[in-house]
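Close look at the chain arrangement
Read off the chains here:
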Amino acid sequence: MIKKYFLFILIVLFIPNLFSQVKVSGYIVDEQNNPVSFSNVIFKGSTKGTISDENGKFYLQSETYYNELEISFVGFETKTIPLESQNFDLKIILQEARDQLNEVTLYSGRIKKKGNPAIAILKKIWSKKRLNGVYLYDKYEYDKYEKIEFDLNNIDEKLKNNKIFNGMELVFDHVDTSAITGKAYLPIFINESVYKIYGKNIVPKKRNEQILANKNSGFSENQGLIAFVKQLYVDYDIYDNYLKFFDKSFASPLSKLGPDIYNYVLTDSSFIDNKWCYNILFYPRRKNELTFKGDFWVNDTTFAIKEIQMHATKSANINWVKEIYIEQEFKVINDSVFLLKRDYFMSDFSHNRKDKSKGVYGKRTSLYDNHIFNVNRPDDFYKERVAEDEEIYNKTNDYWSQNRQEKLSKDEVGIYKMLDTLQNVKRFKEFTDVADILTTGYWNIANGFDFGPIYSTVGYNDLEGLRLRLGGRTYFSKSDKWRLKGFLAYGFDDKKFKYGIEGKWLVDQNKRLILSIGNRRDIEQLAVSLTTANDVLDRSFATTSIFTRGDNTKLSNINLTNIKATLEPVKNLNFRISSTYKTIKSAAPDLFNVEFYDDDNVIQSNINQIDLNFAVQYTPKRKPWGFGVDQGVSNNGRFPTLFFSYTKGIKGFVDSDFDYHKLQFYYQQPIQIGVFGRLTSTFEIGKTINSVPLSLLNVVPGNQTYFTSRKIFDLLDYYEFVTDEYVSLHLEHNFNGRLFSKIPLMRKLQWREIIGIRGVVGSISQENQDRIAPNATIQEYIAPETIYWEYHFGIGNIFKLFRIDFEYRGSYRDVPNATNFAIKGGLGFYF
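Residues numbered from 1 in each chain as written. Predicted model: local features only at pLDDT ≥ 70, side-chain atom pairs only at ≥ 80, totals over all residues. Heavy atoms only, no water.

**Some remarks on the overall build of the protein**
Within the protein, the regular secondary structure consists of 12 helices and 46 strands. Compactness check: the protein gives a C-alpha radius of gyration of 31 Å against a globular reference of 28 Å for 831 residues, within 12% of the reference. Projecting the C-alpha coordinates of the protein onto the three principal axes gives extents of approximately 120 × 60 × 60 Å. Every one of the 831 residues in the protein was classed for burial, and the buried ones make up 52%. (Helix = DSSP H or I, 4+ residues; strand = E, 2+ residues; numbered from the N terminus. Rg over C-alpha atoms; globule rule 2.2 N^0.38 Å. Buried < 20%, exposed > 50% of the residue type's maximum accessible area, 1.4 Å probe, protein only.)

**A word on the packing of aromatic side chains**
What characterises a pair of aromatic rings is the spacing of the ring centres plus the angle enclosed by the ring planes. For the coordinates displayed, the defined rule picks out 34 aromatic pairs. An angle of 65° between the planes, with centres 6.3 Å apart, marks the rings of Tyr 325 and Tyr 344 as edge-to-face. Residue Tyr 325 is located in strand 20 (residues 321–332), and its partner Tyr 344 is located in strand 21 (residues 338–349); the two are separated by 19 residues in the primary sequence. By the burial criterion, Tyr 325 is buried, and Tyr 344 matches it. Both rings, one in Phe 713 and one in Tyr 788, keep their centres 5.8 Å apart while their planes meet at 65°; by these two values the pair is edge-to-face. Here Phe 713, found in the loop between strand 40 (698–699) and strand 41 (722–723), pairs with Tyr 788, found in strand 44 (residues 788–798); they are 75 residues apart in sequence, far enough to count as distant. Given the relative accessible area of 0%, Tyr 788 is considered buried. Through a chain of ring-to-ring contacts, the aromatic side chains of Tyr 236, Phe 245, Phe 250, Phe 292 and Phe 345 assemble into a single cluster. Positioned over the ring face of Tyr 399 is Lys 395, at 5.1 Å from the centre of the ring. Over the ring of Trp 320 we find Lys 800, and its NZ or CZ is 5.1 Å from the ring centre. (Phe/Tyr/Trp six-rings, centres within 6.5 Å; stacked < 30°, edge-to-face > 60°. Lys NZ or Arg CZ within 6 Å of the ring centre and 35° of its normal.)

**What to know about the nonpolar core**
One broad rule of soluble globular proteins: the nonpolar side chains tend to lie buried together. By size, the foremost hydrophobic cluster in this structure holds 58 residues, and its most contacted members are Ile 125, Phe 292, Phe 296 and Ile 305. Here this core takes six residues from helix 3 (residues 117–127), the largest share from any one element. Those residues within four positions of Ile 305 in sequence are excluded, and the remaining contacts are Ile 125, Ile 238, Tyr 239, Leu 254, Phe 296, Trp 297, Val 298, Phe 330 and Phe 338. (Core = buried A, V, L, I, M, F, W, Y, C linked by side-chain atoms within 4.5 Å. Contact = heavy atoms within 4.5 Å.)

**Concerning the sheet that holds strand 1 (residues 22–29)**
Sheet architecture is open: three strands sit in the order 4-1-7, paired in mixed fashion. The outermost strands of the open sheet, each flanked by one partner alone, are strand 4 (57–62) and strand 7 (86–93). The sheet shows a mean angle of 20° between the axes of neighbouring strands, taken without regard to direction. Across six bridges, strand 1 lies against strand 7 in parallel orientation. For Gly 26, the partnering residue across the bridge sits in strand 7 and is Leu 90. (Pairing = 2+ DSSP bridges. Axes fitted to C-alpha atoms, helices over the stretch in contact; angles between N-to-C directions.)

**A closer look at the sheet that holds strand 2 (residues 40–43)**
With antiparallel pairing, four strands are arranged side by side in an open sheet as 3-2-5-6. Whereas interior strands pair on both sides, the edge strands pair on one side only; in this sheet they are strand 3 (49–51) and strand 6 (79–82). The average angle at which neighbouring strand axes cross in this sheet is 20°, direction not considered. When strand 2 meets strand 5 (residues 68–72), the two strands line up antiparallel, connected through four bridges. Bridging across to strand 5, Ile 42 finds its partner in Glu 70.

**Quick look at the environment of Phe 644**
On the secondary structure map, Phe 644 appears in strand 37 (residues 641–650). A relative accessible area of 33% means that Phe 644 is categorised as partly exposed. In this structure the C-alpha to C-alpha distance between Phe 644 and Tyr 667, which are 23 residues apart in sequence, comes to 8.9 Å.

**A short note on unusual backbone geometry**
Here Val 203 and Pro 204 are connected by a cis peptide whose omega angle stands at -5°. With respect to the element layout, Pro 204 can be found in the loop between strand 12 (184–200) and strand 13 (206–217). Of note, the bond from Gly 452 into Pro 453 is cis; its omega dihedral lies within 30 degrees of zero at -5°. Mapped onto the elements, Pro 453 comes out in the loop between strand 24 (448–451) and strand 25 (458–461). One non-glycine residue, Asn 690, lies in the positive phi region at around 85°. Relative to the assigned elements, Asn 690 resides in the loop between strand 39 (678–689) and strand 40.

**A closer look at helix 9 (residues 426–440)**
In this model helix 9 runs 21 Å from its N-terminal to its C-terminal C-alpha over 15 residues, within 8% of the 21 Å that 1.5 Å per residue would give. Summarising the contacts, the buried residues of helix 9 are in contact with helix 8 (410–422) and strand 23 (443–446). Directly beyond the C-terminal end of helix 9, a positive phi value near 85° is found at Gly 441. (Expected span 1.5 Å × (residues − 1).)

**With respect to the side chain of Ser 46**
Inspection of the secondary structure assignment puts Ser 46 in the loop between strand 2 and strand 3. A polar side-chain atom of Ser 46 sits 2.7 Å from the main-chain carbonyl oxygen of Phe 43. There is a polar contact of 3.1 Å between the side chain of Ser 46 and the backbone nitrogen of Lys 48. (Polar contact = N/O pair within 3.5 Å; in protein donor to acceptor, adjacent residues only side chain to side chain.)

**As for the pattern of salt bridges**
A side chain of one charge can pair with a side chain of the opposite charge when the charged atoms of the two come close. Tallied over the entire structure, the rule returns 40 salt bridges. For the salt bridge of Lys 200 with Asp 379, the shortest nitrogen-to-oxygen distance reads 3.9 Å. Here Lys 200 is found in strand 12, whereas its partner Asp 379 is found in the loop between strand 22 (360–373) and helix 7 (397–403), with 179 residues between them in sequence. Each of Glu 464, Arg 467, Asp 494, Lys 498, Arg 520, Asp 522 and Glu 524 takes part in one network of salt bridges that share partners. (Salt bridge = Lys/Arg side-chain N within 4 Å of Asp/Glu carboxyl O.)

**Brief notes about the environment of Ser 269**
On the secondary structure map, Ser 269 appears in strand 16 (residues 262–272). Along the backbone, Ser 269 and Thr 777 are 508 residues apart, and their C-alpha atoms lie at a distance of 81 Å. If near-sequence neighbours (up to four positions away) are discounted, Ser 269 is found in contact with Trp 276, Cys 277, Tyr 278 and Trp 297.

**Let's talk about helix 8**
An α-helical turn contains 3.6 residues, so a residue and the one three or four places further along point in the same direction. Over its 13 residues, helix 8 runs 18 Å from end to end, which matches the ideal 18 Å to within 8%, given 1.5 Å per residue. Buried within helix 8 are the following residues: Glu 412, Gly 414, Ile 415, Tyr 416, Met 418, Leu 419 and Leu 422.

Below, the structure is given as structure tokens:
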């Protein structure tokens, strides 16, 4: 009987602990009730822990049961408290330590660098600094598995009872709790990918990331949204000085600049996978910088990182992201090579940073295995594919069971079932349709037909007045091999219809050979771009902008027909051959007369022209998405772009008027300058050989709207400068709040400083001047033979969306009717 009672007590008190979780949350304060930021919180007897945030708050969870929690911070006594399986909102008071280690002492709220053993270890990490272990070999191969999940968070009863979820109540059966934040969340999207990576480190260095399989649920047709999500989570190396996330550069805790940015504390040492490792805690020395708090375990002989966890500080100047959490784990294949084994990245997207505000978790888990080194393969093997096989989306469940590097949890399996069920729920389909409209600009109103782009439906200019545009495209699936697009527009002042239509056909998917033909009759502002493209359905913002300054009647009627072939033999290297027949005349001859002398010295007002064009564009490291005739690119401004174009005007054929040559080159380069922000440079150069009338010359682009725009001179009027050869340079630097963060009153606003300068120099030949007819509106072309330049100072991130620029003209200030100063605005979505 006694044995039965004893066994019963064991079952009740002990056995459940073997299978239960332990969860603990709370906040840490000192004896004066002030928060103790960046305290080390750990389950006693383990290496499982976390760091409290700037307000002393923390959350920690483990699948293994621990009965004690240990809290420590330099300058305070280490405290141990007993735990149960659920421990929430604990208030933990730390007492000031009476005895301090000589090596590490507090100084004005910071930790001294001199004599700090953690920094001594950090210096050894630098001296033996390694890249990811694969870069130690000439050639390498490995398998990669990636899982991306998006979840609604801060789920509560109020949200569950919201009418928006009528008909979708089943989703709340899958609510779970985050092990990182302790918040309830509801999965809404999951995407899995399997890759084979091939690379070589000998010159020329190459890396081929070949996708083998992909599956998702939640937004399966919206490949643009999926690509956007994937590009949010770029690869990074924790040994780099800066880690780039969301177009921002965070200072790495392993950076050589680290001691000036972070405090470091040596807190523990232990065996991890039979390797003796030191544990070092780090947290920022200043607020409002792009920094982390966290800790890492480093091996005592190789000084390679074994494990690291990092939380972005809540005061970091980044929009729409409330929290960033990173975990990396490395495996040892011999005494000197540590390879990345697991990478976990979680971000909490929200409109504000309040703890109870609802948002969306974005989680990426990447696993790496089956590394093979120095296998001899030909160089062509490492070239990236131009197009992937669409079969990657059709892999069987058996394939996924065999190729996942970790099995889906029971909850994750349930996510697929739940999301697949939701595909047949009307309300959920309405949500996904709205997401499609917002990300693509098109609204699917019938099988095979989309209306749009919806953002171009309404416009205005001085000649057309109010302009309504109805457009659409054929759309049967994301992988359509052909597509028709078109529009019909009407101006209420000029009482004229305009139209455009274009058809494309993907002939060869592997080389992305595309043939297209199109025609457009429309009104256009030709003086807003130096580098021309002759795209059939494109239309400049200046033609439809509602808010403009000055006279915007210098518009042209165009009738443009284009036949084009494009080819992409190497990924992101695009060749284009096209022929264009166009007629150009003034849209309002009484207001904008463009009469000119033709080659027979006869006054003409219309241009009839046939051109042949050859163009090359290269955008290295760009990641396009889509298998059909139309590909998309998410965040294209992150990568450099090089563009070259040669145009040959043909005279005489089908009454074409002019024989000329036009050469143009364009180069844009964004440069991330560490924590000091991003510099974007744009360089253009061009020349038109042989004389031509105004509509075929190179007009320096002006901007008569109240909105700032790249590649345009904001203080120039349309046609203020006209050239036949030119060189221009645009520089703009966004400091991302680096300077304002030093000013206490400005810090909380999280505004961002912007400076920029633009310049152009060019000339116009006398032969082109001589073509001007007596009644032409512009009687003399003015070229910026001495450099024209303007500069601006701006404040961005106003209410997270707006920017204001103060524009100043630097030269040609005495030109009649010159705009020497202007205030312009901008709108955009930025992290």
